[in-house]
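The chain contents come next:
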Amino acid sequence: MGREDRDRASDEEPEVEDVEADGLLPPLKHVHDYGRVAHELCAARREDAKRLRDLPAGLCNSGNTCFAASALQCLYHTRLLTAHFADEPHPHDSCKNPGFCVTCEYQKHVLKALDAEPRGSFSIGKLTNAIGSIAKHFVRGRQEDSHEYIRGLLDGIHVQALKEFAGEKAEKELDARTQETTIVHHIFGGYTCGQVECIQCGHVSRNYQSMIDIPVEVTAKSSSGIEASLKSNFLDTEILDGSNKYKCARCRAYVRAEKGGKIHVSPNVLVVPLKRYTMGRFSKITKFVEFPATLDLTPYMSRDAPYEGKSPPTYTLYGVVVHLDWGGSAHSGHYVSYVRLLDGRWCKCDDGRIEETDEATVLKQKAYLLFYER
């Protein structure tokens, strides 16, 4: 298509609307009040905080369940999530779910972990026995992906909260922002902002996207650090030109434009999956990727980022999931996790075995999942 034909076609096409050009839209309702989250962040129950200073109990392997055990240890040491379920906000006796309820089972797991003896061990139970209820493609007794397990478990808790708030059709009837006010999104959720700026007139179009984690790419040729990957995602920009020009809503024409992205709302808990798998999940990139013990998201934030207040988006590492593979395979190997206790000590969780370690050892691991808290 020539330039004249393209300009003529642009006059006939509908104008491109800016998505939420005035900013991130507020929710119409709140499933969970954020004030409760803020309270739990500042003042978790004393007995729970004390328990998280002790070494945790191990989680027995009941047949290729290490992927779940490593994930559950990191979730248990997510203080906000544990403080929430320690108050038993989901009474089992009044649960209206007729079958498997992931919220019931996870709450039971948290309470059992809080009561367990340090370095003791207990069975994970239905959170692995009924694995197909966490994700439909999971098969009991098969090695599954730890990140997919976490996403499935948190999504199950999230959806259950929506249904308890607004009924079985909640996901269809509630606006998107209201759906993003569950405890899961309050703890792990944030927003990214995609932006395209017209080089000709300076018009800016924005699009906001909710997130539950921030994945980073790992390639054989990529830089060796997490912060370099974040820079690529949120500081580097792309020029849209040639056959890839952008249709500006103000110019009503295809123009050169600059495209980039930022973090607009930073999460209370930041989960960083390292995308190590290639060709789907058939092979794995095993290179070491450097990650810091503390992480500052300030350089990657939008200039008009709301809600940050006086608290900068700085984070401390508290959990690491590692996949120990054999021969670069994505379908074999073993998962372990490393978690930071409230007193600053680190420990290695290898199914039912718990042993103390140190931060220097943790930072040398070929991480698959990283957990940071504000």
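Quick note: structure is the one above.
Heads up: these notes are all about the structure in this document.

The rules behind the values
Residues numbered from 1 in each chain as written. Predicted model: local features only at pLDDT ≥ 70, side-chain atom pairs only at ≥ 80, totals over all residues. Heavy atoms only, no water. Helix = DSSP H or I, 4+ residues; strand = E, 2+ residues; numbered from the N terminus. Buried < 20%, exposed > 50% of the residue type's maximum accessible area, 1.4 Å probe, protein only. Contact = heavy atoms within 4.5 Å. Pairing = 2+ DSSP bridges. Axes fitted to C-alpha atoms, helices over the stretch in contact; angles between N-to-C directions. Core = buried A, V, L, I, M, F, W, Y, C linked by side-chain atoms within 4.5 Å. Phe/Tyr/Trp six-rings, centres within 6.5 Å; stacked < 30°, edge-to-face > 60°. Salt bridge = Lys/Arg side-chain N within 4 Å of Asp/Glu carboxyl O. Polar contact = N/O pair within 3.5 Å; in protein donor to acceptor, adjacent residues only side chain to side chain. Expected span 1.5 Å × (residues − 1).

Let's talk about the overall build of the protein
A count of helical and extended segments in the protein gives 13 helices and 18 strands. For the protein, the residues scored as buried account for 49% of the 374 residues in total. Intrachain contacts of the protein at a sequence separation of at least 6 include 71% that bridge at least 24 residues.

A short note on the pairing of strand β17 (residues 353-357)
The pairing of strand β16 (residues 346-350) with β17 spans five bridges and is antiparallel. The residue of β17 that forms the bridge with W346 is T357. Taking the residues that link successive antiparallel strands as the turn, the β16-β17 hairpin has two residues, and the phi of D351 there is positive, at about 55 degrees.

Focus on the sheet that holds strand β4 (residues 204-211)
Here four strands make up an open sheet; going across it, the order is β4-β3-β9-β6 and the pairing antiparallel. Two strands lie at the open edges of the sheet, namely β4 and β6 (238-240), each paired on one side alone. Sheet twist, expressed as the mean angle between neighbouring strand axes with direction ignored, is 30 degrees.

Describing the pairing of strand β9 (residues 257-265)
Of the strand pairs in this sheet, strand β3 (residues 190-198) and β9 are connected by eight bridges, and their pairing is antiparallel. Within β9, the residue paired with Q195 across the bridge is G260. Two strands pair when backbone bridges link them, and β6 and β9 are joined in this way by three bridges, in the antiparallel orientation. Its bridge partner lying in β9, L240 is registered against A257.

Topic: the nonpolar core
Of all hydrophobic cores here, the largest spans 54 residues; its most connected members are Y106, L127, Y149, L153, F188 and F371. In terms of residue count, helix α4 (residues 66-76) provides more of this core than any other element does, nine residues in total. With residues near it in sequence (within four places) discarded, L127 still touches L72, F100, V102, E105, Y106, H109, I134, Y149 and L153. Within the second largest apolar cluster, 29 residues are counted, among which are L230, Y300, V336 and V362.

Re the packing of aromatic side chains
Under the definition given, this model contains five aromatic pairs. Arranged with centres 5.3 Å apart and planes meeting at 80 degrees, the rings of F85 and Y106 form a pair that is edge-to-face. Here the residue F85 occupies a position in helix α5 (residues 79-86), and Y106 occupies one in helix α6 (residues 102-115), the gap between them amounting to 21 residues. Taken as a pair, F85 and Y106 share a single burial class, namely buried. Arranged with centres 6.4 Å apart and planes meeting at 45 degrees, the rings of Y335 and Y368 form a pair that is tilted.

Some remarks on the pattern of salt bridges
Throughout the structure, instances matching the rule amount to 13 salt bridges. Across the pair E105 and K108 runs a salt bridge whose closest N-O atoms are separated by 3.4 Å. Separated by three residues within a single helix, E105 and K108 lie in helix α6, roughly one turn from each other. The class for E105 is buried, based on a relative accessible area of 12%. The partly exposed category is assigned to K108, whose relative accessible area is 38%.

Thoughts on the side chain of D213
Counting through the fold element by element, D213 comes out in the loop between β4 and β5 (216-217). At 2.9 Å, the side chain of D213 forms a polar contact with the side chain of H147. Looking at D213, its side chain comes within polar contact range of the side chain of R151, at 3.2 Å.

Some remarks on α4
Working note: α-helix, 3.6 residues per turn, so residues spaced by three or four point in the same direction. Extensive coverage of α4 is indicated by the burial of eleven of its eleven residues. Among all positions in α4, only C66, F67, A68, A69, S70, A71, L72, Q73, C74, L75 and Y76 are buried.

Observations regarding α6
Helix length check: α6, at 14 residues, gives a terminal C-alpha distance of 20 Å against a target of 20 Å (1.5 Å per residue), a fit within 8%. Of all 14 residues making up α6, ten are buried, and the element is well covered by its neighbours. By the burial criterion, the buried members of α6 are V102, T103, C104, E105, Y106, Q107, H109, V110, A113 and L114.

With respect to unusual backbone geometry
Glycine aside, residues mostly have negative phi angles, and peptide bonds mostly take the trans form. A positive phi angle, near 55 degrees, is found at N64, a position not held by glycine. Within the secondary structure layout, N64 lies in the loop between β1 (58-60) and α4. Since its relative accessible area comes to 38%, N64 is described here as partly exposed. One non-glycine residue, E88, adopts positive backbone phi at about 50 degrees. Mapped onto the secondary structure, E88 falls in the loop between α5 and α6. Given a relative accessible area of 47%, E88 falls into the partly exposed group.

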